[in-house]
Amino acid sequence: MNIRIEGVTKSYGGQRVLDALSLAVHEGELLTLLGASGSGKTTLLRILAGLERAEAGRVVFGDTVVQDDTAFVSPQRRGLGMVFQSYALWPHLDVAGNLALALREQGMPKPQITERVDEALVTVGLAGMQRRAIHQLSGGQQQRVALARALVARPRVLLCDEPLSNLDAGLREQMRDEIRALQQRLRITTVFVTHDQTEALAMSDRIALLHHGRLVELGAPEQVYAQPSSEYAGRFLGKANVLTGVPEADGRVRVGALALRAATAVTGARAVLMIRPEALLWTDAAGQNTVAADITQLHMLGALREYTVHARELGVALVLLESSDQPVRAGQQRLALPSTALCPLPAETIAGPSA
Ligand code: ADP
Ligand code: MG
């Protein structure tokens, strides 16, 4: 089922948390709401769930207006499954008991409940765990039970709010991949909240980046990573080298003593260019978009090696990432900034974090 969010506004105590936000979620996609803490992700998810009411705007599920000025469909009648950071499982019920609860409340006949519970447990890889007590399960298994519980009523939409935040790193990646595989298998429309850009890039069909309650970026992971539409988005989605300069008559951009050619010709009074650290290349040849670079720092990160260099003609520091199976470099080098990887950003962008 597709979802339309139209001009949704929400304030708490005079503070605007969502600001006339509009966004469409396509049928069967996994859309991630990404943003810093306090950007409004949970508030938006709770409005979709019907746990909060927007003060203005509309939410439409398929053909049904679930909230506007006059209509409000209760959470139980929205056809949703929800997974939260705290699994919110009942400790006094076993696995099957936790899954069956909502179905019993719906008045579903017992044999059908058993069938649905068994099916949901198979779906999340917990077949045969019906009678297990919650405290006998590992963190990952508890997360799977929470996921099974969200799916047991065969919802048309799955809403997840940072469901992986309580898991340690290895398990988090495994569960991330499992949730994504499951979502693709079931083709269930999913809105997934996270503050972790790696998670968002790894599992999403599309990423919606929120900043102070506004949508500041929307697109497929590859696209928003390579060609963000603002400096804020560029920096939020990964490490970024950002250069400011002045466009020249031929479309190149003067940064320090160099005229750089970007992916597209740049015009205007001021230009902002972004290049990802892994796009910078060592080179031996002088030429267009190359610069003398003094290596000032080197960090071994495991699979990758990170260099900080001072780019002489540009007069700035740049960060370069390359595979750590490459030979170590030191001292004076030459760097190429391939024009295809040098992405012009709108000069008027929201000031981003310095990370
Ligand atoms: P996120 O999930 O992106 O971290 P939230 O949607 O939880 O952000 O919160 C957005 C802003 O709204 C924050 O400044 C938060 O303090 C505020 N907020 C959220 N819920 C409430 C509430 N029930 N009462 C008052 N302020 C709230
Ligand atoms: Mg939140």
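Not measured: the values here are computed from a predicted model.

Each value, and the rule that gives it
- Residues numbered from 1 in each chain as written.
- Chains lettered and ligands numbered in written order.
- Predicted model: local features only at pLDDT ≥ 70, side-chain atom pairs only at ≥ 80, totals over all residues.
- Heavy atoms only, no water.
- Axes fitted to C-alpha atoms, helices over the stretch in contact; angles between N-to-C directions.
- Helix = DSSP H or I, 4+ residues; strand = E, 2+ residues; numbered from the N terminus.
- Parallel < 35°, antiparallel > 145°, perpendicular 65-115°, else oblique.
- Left-handed = near helix turned anticlockwise from the far one by under 90°.
- Contact = heavy atoms within 4.5 Å.
- Nonpolar A, V, L, I, M, F, W, Y, C, P; charged D, E, K, R; others polar.
- pLDDT = per-residue confidence, 0-100.
- Core = buried A, V, L, I, M, F, W, Y, C linked by side-chain atoms within 4.5 Å.
- Buried < 20%, exposed > 50% of the residue type's maximum accessible area, 1.4 Å probe, protein only.
- Near = heavy atom within 4 Å.
- Polar contact = N/O pair within 3.5 Å; in protein donor to acceptor, adjacent residues only side chain to side chain.
- Pairing = 2+ DSSP bridges.
- 1 Å grid on protein atoms, 1.4 Å probe; cavity = no way out; pocket = protein on both sides within 12 Å on 5 of 7 lines; lining within 4 Å.
- Points joined across faces, edges and corners; volume = space filled by probe spheres on them.

For the rest of this paragraph, the subject is the packing of helix α2 (residues 95–105) against helix α4 (residues 139–151). Each pair of packed helices gets described by two things: the angle between the helix axes and the distance between those axes. Interhelical geometry of α2 versus α4 gives an angle of 25 degrees and a closest axis separation of 8 Å. When the interaxial angle is binned, α2 and α4 end up roughly parallel. Crossing of α2 over α4 shows right-handed handedness. When α2 is examined against α4, the residues V95, N98 and L99 are found in contact with a partner set consisting of V145, A148 and R149. Looking at side-chain class alone, the contact of α2 with α4 contains 4 nonpolar, 1 polar and 1 charged residues.

With that settled, consider the confidence of the model for the protein. Confidence in the prediction for the protein averages 94 pLDDT; 97% of positions are at 70 or higher. When the criterion is pLDDT under 50, residues 350–355 qualifies, and its contacts beyond four places in sequence or with other chains add up to 8 contacts.

Glancing now at the nonpolar core. Counting 36 residues, the largest nonpolar core has V117, L147 and L158 as its most contacted members. Listing elements by their share of this core, those giving two or more residues are α2, α3 (110–123), α4, β7 (157–161) and α5 (169–186). Ranked by residues supplied to this core, first place goes to α4 with 6 residues. The next biggest cluster of nonpolar side chains, apart from the first, holds 27 residues, and it includes F61, V66, V157 and L159.

Our next topic: the site of ligand 1. Every residue near ligand 1 is listed here: Y12, Q15, V17, A36, S37, G38, S39, G40, K41, T42 and T43. For ligand 1, an oxygen atom lies 3.2 Å from a polar atom in the backbone of S39. Here K41 contributes a side-chain N or O atom positioned 2.8 Å from an oxygen atom of ligand 1. A per-element tally of the shell around ligand 1 places helix α1 (residues 41–49) first, with 3 residues. Grouping the amino acids of the shell around ligand 1 by side-chain chemistry returns 3 nonpolar, 7 polar and 1 charged.

Strand order in the open sheet formed by 5 strands is β13-β12-β11-β14-β20, and the pairing between neighbours is antiparallel. Each edge of the open sheet is held by one strand with a lone partner, namely β13 (258–260) and β20 (343–345). Going from strand to strand, the sheet's axes swing by 45 degrees on average, the running direction of each strand aside. Here strand β14 (residues 271–275) pairs with β20 via 3 bridges, running antiparallel. Bridging across to β20, M274 finds its partner in C343.

For the rest of this paragraph, the subject is the layout of surface pockets. In this model, the largest pocket occupies a volume close to 830 Å³. In this structure, the largest pocket is lined by 23 residues; those nearest its centre are Q76, L80, M82, A102 and R149. Counting only elements with at least two residues in the lining of the largest pocket, the list comes to β6 (80–83), α2 and α4. Top contributing element to the lining of the largest pocket by residue count: α2, with 4 residues. Class assignment of the residues belonging to the lining of the largest pocket gives a composition of 13 nonpolar, 5 polar and 5 charged. The space that makes up the second largest pocket amounts to roughly 160 Å³. In this structure, the second largest pocket is lined by D94, A96, G97, A100, R104, K110, I113, T114, V117, D118, Q130 and R131. Of all the secondary-structure elements, those providing two or more residues to the lining of the second largest pocket are α2 and α3. The element contributing the most residues to the lining of the second largest pocket is α3, with 5 residues. The class makeup of the residues in the lining of the second largest pocket is 4 nonpolar, 3 polar and 5 charged.

What follows covers the pairing of strand β19 (residues 332–336). The sheet contact formed by strand β15 (residues 281–282) and β19 spans 2 bridges and is antiparallel. From the neighbouring strand, L281 faces β19, where its bridge partner is A336.

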